Amino acid sequence: MNIPRIQIQQGYSIIGLETTKGQQSIEQPRPSLNMKQQRGQLEMERTSPVLEIDSRKAWSALGKARFEEMTDRVSQSSLQISMHNIADIARNGDRMMAFHEGGNAFAEIARDSVFGDRPRVEVTGEPGYDNVDVTYIPGQVHTNYTPGGITFNPETHKPIIDYYPGKVNPYLVHQNFIFMSATGKQLDAVV
């Protein structure tokens, strides 16, 4: 005997997912240093060296002294010559007064006056190896240094963060279904 049977088939839905990953972008701008530099300052003050050369004694030894010195030297030398001559005259007078002692004082005095050494007026100075005086005063350098410096005023920037979220697109790969059928000859209809 042929009994009718009901046959049920069922299919599940199949869902597909299409995903795109999220993206994150981080950008960090560089900080600004804002650096300022003050220059150091160096001040130098210099005094010139002094070289003094005094050659008056050398010129005086050569007979080319200054006018005042020559006049002084001539007057001093003339005074000494005058005093020497006065002393000679007094000495000769004493010799002439002593004629009783013998000898010819007048002839000796005359011979000494003609052939004797006469004092001279000295117009030259005393020669020497150190007649030139040299004096050197070195110059000086005074320095004043003011140091410079560097100042920083840094300016930082916040990071720039961008986020692009991911996406999920679902789609239906296979739709669900229920299929029912009856088998057998005694059924007139299929539901």
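All values reported here derive from a predicted model rather than from experimental measurement.

Before going further, it helps to spend a moment on the layout of surface pockets. In this structure, the largest pocket encloses a volume near 380 Å³. As for the largest pocket, its lining consists of 14 residues, and the residues nearest its centre are Asp88, Asn92, Asp112, Ser113 and Asp117. When contributions to the lining of the largest pocket are tallied by element, the ones reaching two or more residues are helix 2 (67-97) and helix 3 (105-115). It is helix 2 that contributes the most residues to the lining of the largest pocket, 7 residues altogether. Here the residues of the lining of the largest pocket are counted per class, giving 3 nonpolar, 5 polar and 6 charged.

Further remarks concern the side chain of asparagine 131. The topology assignment puts asparagine 131 in the loop between helix 3 and strand 7 (133-137). For asparagine 131, a relative accessible area of 10% puts it in the buried group. Residue contacts for asparagine 131: discarding those within four places in its chain leaves Asp54, Ser55, Lys57, Ala58, Ala61 and Glu126.

A word on the pattern of salt bridges. Under the counting rule described, the total for this entry stands at 5 salt bridges. Across the pair aspartate 133 and lysine 57 runs a salt bridge, and its minimum N-O distance is 3.9 Å. Of this pair, aspartate 133 sits in strand 7 while lysine 57 is found in helix 1 (residues 56-61), placing the two residues 76 residues apart along the sequence. Classification of aspartate 133 by relative accessible area gives partly exposed; the value is 32%. Here lysine 57 falls in the partly exposed class, since its relative accessible area comes to 46%. Residue glutamate 108 is joined to arginine 95 by a salt bridge in which the shortest nitrogen-to-oxygen separation is 2.6 Å.

The rules behind the values
Residues numbered from 1 in each chain as written. Predicted model: local features only at pLDDT ≥ 70, side-chain atom pairs only at ≥ 80, totals over all residues. Heavy atoms only, no water. 1 Å grid on protein atoms, 1.4 Å probe; cavity = no way out; pocket = protein on both sides within 12 Å on 5 of 7 lines; lining within 4 Å. Points joined across faces, edges and corners; volume = space filled by probe spheres on them. Helix = DSSP H or I, 4+ residues; strand = E, 2+ residues; numbered from the N terminus. Nonpolar A, V, L, I, M, F, W, Y, C, P; charged D, E, K, R; others polar. Buried < 20%, exposed > 50% of the residue type's maximum accessible area, 1.4 Å probe, protein only. Contact = heavy atoms within 4.5 Å. Salt bridge = Lys/Arg side-chain N within 4 Å of Asp/Glu carboxyl O.

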